[in-house]
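Coordinates in review
What follows is the residue order along each chain.
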Amino acid sequence: MREPTRKTELRGGAGGRAVHDVGGLDFGPIDREEHDLALWEKRVDAMLVLLVGPKKDAFKLDMHRRMIEDYGQQTYDRTTYYEKWARSIRNLLVEQDILTRDEVEAMMADVTATHRNAGREVATDTIAWL
Amino acid sequence: MPTATTTRANFRIGEKVRVDARPVQGHCRTPLYLRGKTGVIVDVLGSYKNPERLAYRSPGYPATVLYKVRFQQTSLWPAYPGSATDTLDADIFEHWLFAAKK
């Protein structure tokens with residue numbers, strides 16, 4: 001998985017600067033190198049498009065933005081673009097009463113077991129709910 | 001609760017506006033680096049449901065007018081290294097804008 005290359009930069013203060021609102025701060029040079037997206041990243045993208053589309057209308061894009069902006073600063077800086085999306089989609093499906101937390105956890109355990117039984121490497125870290 | 005789906009624009013193209021400098025808790029689409037800055041309306045983009053309400057499961061009414069506002073880069077960044085004529089356009093909702101004095 002691609003690691004975010006930018007450093008973490010303190011941005012507290014009384015000015016009302018939210019964690020994502022970094023315009024004007026110095027994060028060093030921008031990585032302009034083109035890179036391919038992993039299959040899971042494309043899937044996360046597709047999932048969001050389907051969920052916010054008129055047919056499903058599971059939640060609004062503005063709710064997705066709010067959920068991503070609610071990250072703690074260090075977690076925000078240390079997670080990649082689509083990791084933020086994946087966590088937001090999961091949390092919003094629970095917030096909107098489409099899935100329960102238990103159902104998500106059960107599905108994750110199921111998928112993890114399937115991969116482990118097939119002898120594949122399985123990530124052991126989890127994404128915090130809050 | 002107001003339910004207006006369209007809202008009349010109170011600013012016109014060419015008018016000078018100042019962005020409110022209020023601090024915000026929660027979701028909004030006005031970046032901090034533009035707050036308190038003065039720009040000129042260059043386009044009226046229409047009225048939209050309020051994203052600050054939509055973000056919290058509200059239907060987003062009353063609709064709020066979105067403008068394209070042009071800022072001088074030198075007015076945004078104290079040590080701006082580029083041309084003095086460089087500008088930045090940003091989409092800003094009407095509830096963030098005041099009429100600016102000439």
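To be clear, the structure that these remarks concern was listed above.
Residues numbered from 1 in each chain as written. Chains lettered and ligands numbered in written order. Predicted model: local features only at pLDDT ≥ 70, side-chain atom pairs only at ≥ 80, totals over all residues. Heavy atoms only, no water.

**Section: the overall build of chain B**
Scanning chain B from terminus to terminus reveals 2 helices and 5 strands. Going from the N terminus to the C terminus, chain B shows its helices and strands as β-β-α-β-α-β-β. With respect to the principal axes defined by its C-alpha atoms, chain B has extents near 45 × 30 × 20 Å. Across the 102 residues in chain B, those meeting the buried criterion constitute 35%. Of all intrachain contacts in chain B linking residues separated by at least 6 positions in sequence, the fraction that spans at least 24 positions is 62%. When the 15 basic and 8 acidic side-chain charges of chain B are each reduced to a single mean position, those positions are 5 Å apart. (Helix = DSSP H or I, 4+ residues; strand = E, 2+ residues; numbered from the N terminus. Buried < 20%, exposed > 50% of the residue type's maximum accessible area, 1.4 Å probe, protein only. Contact = heavy atoms within 4.5 Å. Lys, Arg positive; Asp, Glu negative; His and termini not counted. Charge placed at Lys NZ, Arg CZ, Asp CG, Glu CD.)

**Digging into the packing of helix 2 (residues 61-69) of chain A against helix 4 (residues 81-95) of chain A**
Residue and element names in this part refer to chain A. Look at helix 2 against helix 4: their axes get within 9 Å of each other, and the N-to-C directions meet at 115°. When the interaxial angle is binned, helix 2 and helix 4 end up roughly perpendicular. With respect to the hand of their crossing, helix 2 and helix 4 are arranged in right-handed fashion. Judged by residue contacts, M63, H64, R66, M67 and I68 of helix 2 engage K84, W85, R87, S88, N91, L92 and E95 from helix 4. Grouping the constituent residues of the contact of helix 2 with helix 4 by class yields 5 nonpolar, 3 polar and 4 charged. (Axes fitted to C-alpha atoms, helices over the stretch in contact; angles between N-to-C directions. Parallel < 35°, antiparallel > 145°, perpendicular 65-115°, else oblique. Left-handed = near helix turned anticlockwise from the far one by under 90°. Nonpolar A, V, L, I, M, F, W, Y, C, P; charged D, E, K, R; others polar.)

**Focus: the packing of aromatic side chains**
Residue and element names in this part refer to chain A. Counting across every chain of the model gives 6 aromatic pairs over all chains. Between Y71 and Y76, the ring centres sit 6.3 Å apart and the planes meet at 80°, which makes this aromatic pair edge-to-face. The exposure class assigned to Y76 is buried, which follows from its relative accessible area of 12%. On the numbers, 5.0 Å between centres and 85° between planes, the contact of Y81 with Y82 is edge-to-face. Three or more aromatic residues link up through ring pairs in this structure, and these residues are Y81, Y82 and W85. Residue placement shows R87 over the ring face of Y71; its charged tip is 4.1 Å from the ring centre. (Phe/Tyr/Trp six-rings, centres within 6.5 Å; stacked < 30°, edge-to-face > 60°. Lys NZ or Arg CZ within 6 Å of the ring centre and 35° of its normal.)

**Some details on the interface of chain B and chain A**
Each side of the interface is counted separately: chain B has 16 residues, and chain A has 16 residues. The largest contributions to the chain B side of the interface with chain A come from H27, L32 and R57 of chain B, which together make up 40% of the buried area. Where chain B meets chain A, there are 1 salt bridge. A salt bridge links R35 of chain B to D21 of chain A; the nearest nitrogen and oxygen atoms lie 3.8 Å apart. In this structure, the connection of chain B to chain A is made through 5 residue pairs in polar contact (both at pLDDT 80 or more). Classifying every residue of the side of chain B that touches chain A gives 11 nonpolar, 2 polar and 3 charged. (Buried area = accessible area lost by both parts, 1.4 Å probe. Salt bridge = Lys/Arg side-chain N within 4 Å of Asp/Glu carboxyl O. Polar contact = N/O pair within 3.5 Å; in protein donor to acceptor, adjacent residues only side chain to side chain.)

**Re the side chain of K84 of chain A**
With respect to the helices and strands, the residue K84 of chain A is situated in helix 4. Here K84 of chain A is in contact with I68, Y71, Y76 and T79 of chain A, once residues within four sequence places are set aside.

**Some thoughts on the side chain of D62 of chain A**
Structurally, D62 of chain A can be placed in helix 2. For D62 of chain A, the contacting residues outside a window of four places in its chain are H27, P51, L54 and A55 of chain B.

**Things to note about helix 5 (residues 101-117) of chain A**
Over its 17 residues, helix 5 of chain A extends 24 Å from the first C-alpha to the last, a length consistent with the 24 Å expected when each residue adds 1.5 Å. Positive phi appears at G119 of chain A, one or two residues downstream of helix 5 of chain A, with a value of about 80°. (Expected span 1.5 Å × (residues − 1).)

**What about the nonpolar core?**
L34, I41, Y67, V69, F71, I92 and L97 of chain B are the most contacted members of the largest nonpolar core, which totals 17 residues. Those elements that provide at least two residues to this core are strand 1 (16-19), strand 3 (64-72) and strand 4 (87-93) of chain B. For this core, the element with the most residues is strand 3 of chain B, which contributes 4 residues. Apart from residues no more than four positions distant in its own chain, I92 of chain B is found in contact with V19, T30, L34, V65, L66, Y67, V69, F71 and L97 of chain B. The next biggest cluster of nonpolar side chains, apart from the first, holds 16 residues, and it includes L51, M67, Y71 and Y76 of chain A. (Core = buried A, V, L, I, M, F, W, Y, C linked by side-chain atoms within 4.5 Å.)

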